[in-house]
Amino acid sequence: MRGARLRSAALGRATTGGGVGARRAMSHRVLVEAGPAAGVAVLKFRNPPVNALSLEMLTELVISLEKLENDKAIRGVVITAENPGIFLAGLDLVELCGQNPAHYAEYWEAVQELWLRLYQSNKVLVAAINGACPAGGCLASLTCDYRVMADNPKYTIGLNETQLGIIAPFWFKDTLVNTIGHRAAEQALQLGMLFPPAKALQVGIVDQVVPEEQLQSTALSVMAQWLAIPDHARQLTKTMMRKPTVDQLVKQREADIQSFVSFISQDSIQRALQTYLQKLRQKKG
């Protein structure tokens, strides 16, 4: 049954753990810690080597976000990578190569669920981008209320799907358009552009670029500004702004899954992904 793996994992872990005062040992790929300020948690990606969004990591992220959403003591979450270098590499291509349609459907439903959890969160979400942030990583950061990026020329951010021979789904597109506008998004999506920090700031994909050693402190300073606003008013405003985009996916969720499965199962797409994976393995070698 589609989504059973995600739902059963969530049910199985729903009663474990407590607040965020201690590390959550049951999550190997996601670490949630209490932040240095009251009411703030820090969520860290920790799925080496590149923080790829495997099905297991997607599951753990959804579970962690659900717990944070239900924790009334937490008002805001800083999202970052445990180790600098790669913030979040995006979709795990291994999940998209040589699998059966049921697996592709389950995987895509989990990606949808992650986006819905992040984009609809009542918490203040601040992304502290401390590494490369392509594709699905960029999407995750775009769901946040504010993005701070480390000023490192090795770090880039963008929806680069076309470079892999695939296309960004409509809700990826909508999230980017909502952030940088239609013309800039159209160009970025067609060319699969990855922006270095200064250009990302200029285009508006990120809100601030700071020296790497100031990234976390800046994220916490931004968080304090957002938390100065009464939660109820801010949450209602956020929902008002984002609901039309959310509704588009909710209405078409099943059709979007079927479209993805049909697309990713094509022989030409499988060959393109296999070629890209092979190149990545040769680079590592």
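Residues numbered from 1 in each chain as written. Predicted model: local features only at pLDDT ≥ 70, side-chain atom pairs only at ≥ 80, totals over all residues. Heavy atoms only, no water.

Examining the overall build of the protein
Heads up, the rule is: In DSSP terms, a helix is any run of H or I states spanning at least four residues, a strand is any run of E spanning at least two, and both are numbered starting from the N terminus. Throughout, exposure labels follow a simple rule: accessible area from a 1.4 Å probe, protein chains only, divided by the maximum for the residue type, with under 20% read as buried, over 50% as exposed, and the rest as partly exposed. Whether two residues are in contact is decided by their heavy atoms: any pair within 4.5 Å suffices.
On a plain count of helices and strands, the protein comes out with 11 helices and 11 strands. Counting over 285 residues, the protein shows a buried share of 51%. If you take every contact in the protein between residues at least 6 apart in sequence, the share linking residues at least 24 apart comes to 75%.

Considerations on the pairing of strand β2 (residues 40-45)
Note the threshold: A pair of strands is labelled paired if DSSP reports no fewer than 2 bridges between them.
Where burial is concerned, most of β2 is hidden: 5 out of the 6 residues are buried. In the sheet, strand β1 (residues 30-34) pairs with β2 via 5 bridges, with the strands oriented antiparallel. The partner of V30 across the bridge, within β2, is F45. Hairpin connection, β1 to β2: the antiparallel pair is bridged by 5 residues, and G39 has positive phi, about 80 degrees. Two strands pair when backbone bridges link them, and β2 and strand β4 (residues 76-81) are joined in this way by 6 bridges, in the parallel orientation. For K44, the partnering residue across the bridge sits in β4 and is T80.

A word on unusual backbone geometry
One can expect most non-glycine residues to show negative phi and most peptide bonds to be in trans. In the segment running from P48 into P49, the intervening peptide bond is cis, with an omega of 10 degrees. Within the fold, P49 resides in the loop between β2 and β3 (52-53). With phi around 55 degrees, N51 is a residue other than glycine that occupies positive phi space. If you trace the backbone, N51 turns up in the loop between β2 and β3. Non-glycine residue A135 carries a positive phi angle of around 50 degrees.

Concerning the packing of helix α5 (residues 170-180) against helix α9 (residues 231-251)
Here is the rule we go by: An axis is simply a line fitted to the C-alpha atoms; with a helix, the fit covers only the stretch in contact. Between two such axes, the angle follows the N-to-C directions and lies from 0 to 180 degrees. Small angles under 35 degrees read as roughly parallel and large ones over 145 as roughly antiparallel, with 65 to 115 read as roughly perpendicular and the rest as oblique. Nonpolar residues are Ala, Val, Leu, Ile, Met, Phe, Trp, Tyr, Cys and Pro. Charged residues are Asp, Glu, Lys and Arg, and all others, Gly as well, are polar.
Viewed as axis vectors pointing N to C, α5 and α9 meet at an angle of 175 degrees, and their least axial separation amounts to 10 Å. When the axis of α5 is compared with that of α9, the two are roughly antiparallel. Judged by residue contacts, F170, W171, D174 and N178 of α5 engage T245, Q248 and L249 from α9. Considering only residue class, the contact of α5 with α9 consists of 3 nonpolar, 3 polar and 1 charged.

Considering the packing of aromatic side chains
Here is the rule we go by: Stacked, edge-to-face and tilted are the three classes for Phe, Tyr and Trp ring pairs, Trp counted by its six-membered ring, which pair at centre distances within 6.5 Å; planes under 30 degrees apart are stacked, over 60 edge-to-face, the rest tilted. The criterion for a charge sitting over a ring is simple: Lys NZ or Arg CZ within 6 Å of the ring centre, and within 35 degrees of the ring normal.
Applying the stated criterion across every chain yields a total of 7 aromatic pairs. For the pair W115 and Y119, a centre-to-centre distance of 4.8 Å together with 15 degrees between the ring planes defines the contact as stacked. Of the two residues, W115 and Y119 are both situated in helix α3 (residues 101-119); the distance of 4 residues between them amounts to about one turn of the helix. Judged by its relative accessible area of 1%, W115 falls in the buried class. According to the relative accessible area criterion, Y119 is buried, its value standing at 5%. Seen in terms of ring centroids, W171 and F172 are 4.8 Å apart; in terms of plane orientation they differ by 70 degrees. Their pairing is edge-to-face. Owing to a relative accessible area of 0%, W171 belongs among the buried residues under this scheme. Owing to a relative accessible area of 1%, F172 belongs among the buried residues under this scheme. Members of the aromatic cluster, each reached through a chain of ring pairs, are W108, W115, Y119, W171, F172 and F260. Taking NZ or CZ as reference, R242 lies 4.4 Å from the ring centre of Y119, over its face.

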